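# Analysis of the macromolecular model
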Amino acid sequence: MIEVRLFAWGIKLFFSYPGLEDENIENMGQIMSDRWKRLPIFFLMVSLMLPKAIFAQPELDSRIKVAATIDRKEVPLNRTVLLTVSLEWTGDLKRYQIGELENPILENLEIVTTSAADRRLSEAGIAKAAKIYEFILKPKAIGMGYIEPVIVKYVDNETGDAHSLITGRLSVKVIDPVAEPGSRSTLVRYLLLLLLLLVVGAGLLYFWWRRRAARIQAAAEAVKIVPLEEEYLAKLRTTINLKASEDQLREGFWLLSRLVREYLSKKYQIPALESTSEKIVADLTALAVDEKLVSQTQEILNVSDVAKFAGTVGNRSELERIYTLVEMMWERNLRAPTAGDATTTN
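Everything in this summary refers to the structure shown in the same document.

Cut-off values and rules
Residues numbered from 1 in each chain as written. Predicted model: local features only at pLDDT ≥ 70, side-chain atom pairs only at ≥ 80, totals over all residues. Heavy atoms only, no water. Buried < 20%, exposed > 50% of the residue type's maximum accessible area, 1.4 Å probe, protein only. Helix = DSSP H or I, 4+ residues; strand = E, 2+ residues; numbered from the N terminus. Arc of directions from axis to C-beta. Contact = heavy atoms within 4.5 Å. Axes fitted to C-alpha atoms, helices over the stretch in contact; angles between N-to-C directions. Left-handed = near helix turned anticlockwise from the far one by under 90°. Nonpolar A, V, L, I, M, F, W, Y, C, P; charged D, E, K, R; others polar. Expected span 1.5 Å × (residues − 1). Salt bridge = Lys/Arg side-chain N within 4 Å of Asp/Glu carboxyl O. Core = buried A, V, L, I, M, F, W, Y, C linked by side-chain atoms within 4.5 Å. Pairing = 2+ DSSP bridges.

Turning to helix 6 (residues 277-286), a few remarks are in order. Helical periodicity: at 3.6 residues per turn, an α-helix aligns residues three or four positions apart in one direction. Residues of helix 6 that are buried: Ser-277, Ile-280, Val-281, Asp-283 and Leu-284. Looking straight down helix 6, one finds that the buried residues subtend no more than 160° of arc, so they occupy a single side. Facing away from the buried side of helix 6 by over 90 degrees, the exposed positions are Glu-278, Thr-285 and Ala-286. Buried-residue contacts for helix 6 involve helix 5 (249-268) and helix 7 (291-309). Positive backbone phi, at 60°, marks Ala-288, one or two positions downstream of helix 6.

Set out below in structure tokens:
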């Protein structure tokens, strides 16, 4: 640096004298006088150089770097590949003058479009400049494509020297073309995929339906089917209290009549709950029900009607007789092999 050379010259000027090497003692006083005269000059030079020596910043490495990259190693024949050539340097952003970049030499590739951009950024407080060149390349045929080395020329404005940088050779593999969106092959592929999804969905639905049917069947088999006669025998024994007080005998006849009417409605599908006793007997006769069953039913309903509508309390022995008659009728139907036995004449 110039400042350092001037400082060294000042040191030499202060401590050197032409006659000192000859050890001329007689001229020593003159020599010292001359040195004291040079002292202000020496201090002036020190005062100028010292701040720069203390606060001087180290010079940044301003080397320029070049790189060439591609965005993929394989490219379909009907697609493109991006080639990027970048130059970067730090320090003085105006130090280098980049020459015009020529298009790269290509093999089995052709240039579609080009672009260039300048960038300024800062990394860890250090200014950085970059120049980016982009080339969109399209393959010509299936096989290998090559990008020959790119030569970048620039001039160092600080020294005036011209330089050249060269990138490495790049290669890309060109493979079979891919289906274009909306093409016939793409439509066929989507239709096949849709068909496959429908088949899988139908299979899953059928499997779910089979499992659901199996569960319903298993649940139905697990439920014990109670015969109608058994159900109403249980109701008869829990509803009718033969040991009730005299005041409750009339209610016993009413409950017994209602149980018989409910049973006939479910057993023979007739409106027995809202029909008169005569209408019920007529409906049973029309259905060719066993005459004994029709006769017993008529007797049960008539006795119950008399107890309900006559205004009397009722007879306990009569209630017990009717109760036994109903119980025997339902037990006989319960022992019958099929429901049709109830309509068979003995």
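Moving on, there is more to tell.
Running from N to C, helix 5 and helix 7 point in directions that differ by 145°, and their axes come no closer than 9 Å. Crossing angle aside, the handedness with which helix 5 passes helix 7 is left-handed. Between helix 5 and helix 7, the residues in contact are Arg-250, Phe-253, Trp-254, Ser-257, Val-260, Arg-261, Leu-264 and Tyr-268 and Leu-293, Thr-297, Ile-300, Leu-301, Val-303, Ser-304, Asp-305, Ala-307 and Lys-308, respectively. For the contact of helix 5 with helix 7, the residue count by class is 10 nonpolar, three polar and four charged.

Attention now goes to helix 5. Its 20 residues give helix 5 an end-to-end C-alpha distance of 29 Å, which sits within 8% of 28 Å, the value for a rise of 1.5 Å per residue. Those residues of helix 5 hidden inside the fold are in contact with helix 4 (228-239), helix 6, helix 7 and helix 8 (316-335).

Our next topic: the pattern of salt bridges. Tallied over the full model, the rule gives 15 salt bridges. Arg-237 is paired through a salt bridge with Glu-331; the nearest N and O atoms lie 2.9 Å apart. In this pair, Arg-237 is assigned in helix 4 and Glu-331 in helix 8, connecting sequence segments 94 residues apart. For Glu-331, a relative accessible area of 26% translates into the label partly exposed.

Turning our attention to the nonpolar core. Core analysis: the largest hydrophobic core is formed by 32 residues, its most contacted members being Leu-236, Leu-264, Leu-284, Val-326 and Trp-330. Of all the secondary-structure elements, those providing two or more residues to this core are helix 4, helix 5, helix 6, helix 7 and helix 8. It is helix 5 that provides the largest number of residues to this core, a total of eight residues. The contacts of Leu-264, once residues within four sequence positions are left out, are Gln-269, Ile-270, Ala-272, Ile-280, Leu-284 and Thr-297. Residues Ile-64, Leu-101, Ile-147 and Val-152 belong to the second largest nonpolar core, which totals 24 residues.

Strand pairing in a sheet relies on backbone hydrogen bonds. The paired strands run either parallel or antiparallel. Strand order in the open sheet formed by four strands is 1-3-7-6, and the pairing between neighbours is antiparallel. Each of the sheet's edge strands pairs with one partner strand only, and the pair in question is strand 1 (65-70) and strand 6 (109-123). The mean angle between the axes of side-by-side strands here comes to 15°, regardless of whether they run parallel or antiparallel. Sheet topology places strand 1 next to strand 3 (residues 81-90); six bridges connect them, and they run antiparallel. Of the residues in strand 3, the one forming a bridge with Ala-67 is Ser-86.

A word on unusual backbone geometry. Unlike most non-glycine residues, Asn-108 shows phi in positive territory, near 65°. Phi is positive for Ala-288, which is not a glycine, with a value near 60°. Note on Ala-288: relative accessible area 51%, which makes it exposed.

Now for the pairing of strand 3. The element strand 3 is extensively covered by neighbouring structure, given that seven of its 10 residues are classed as buried. Sheet topology places strand 3 next to strand 7 (residues 126-139); 10 bridges connect them, and they run antiparallel. Each bridged residue has a counterpart across the sheet, and for Ser-86 the counterpart in strand 7 is Ile-132.

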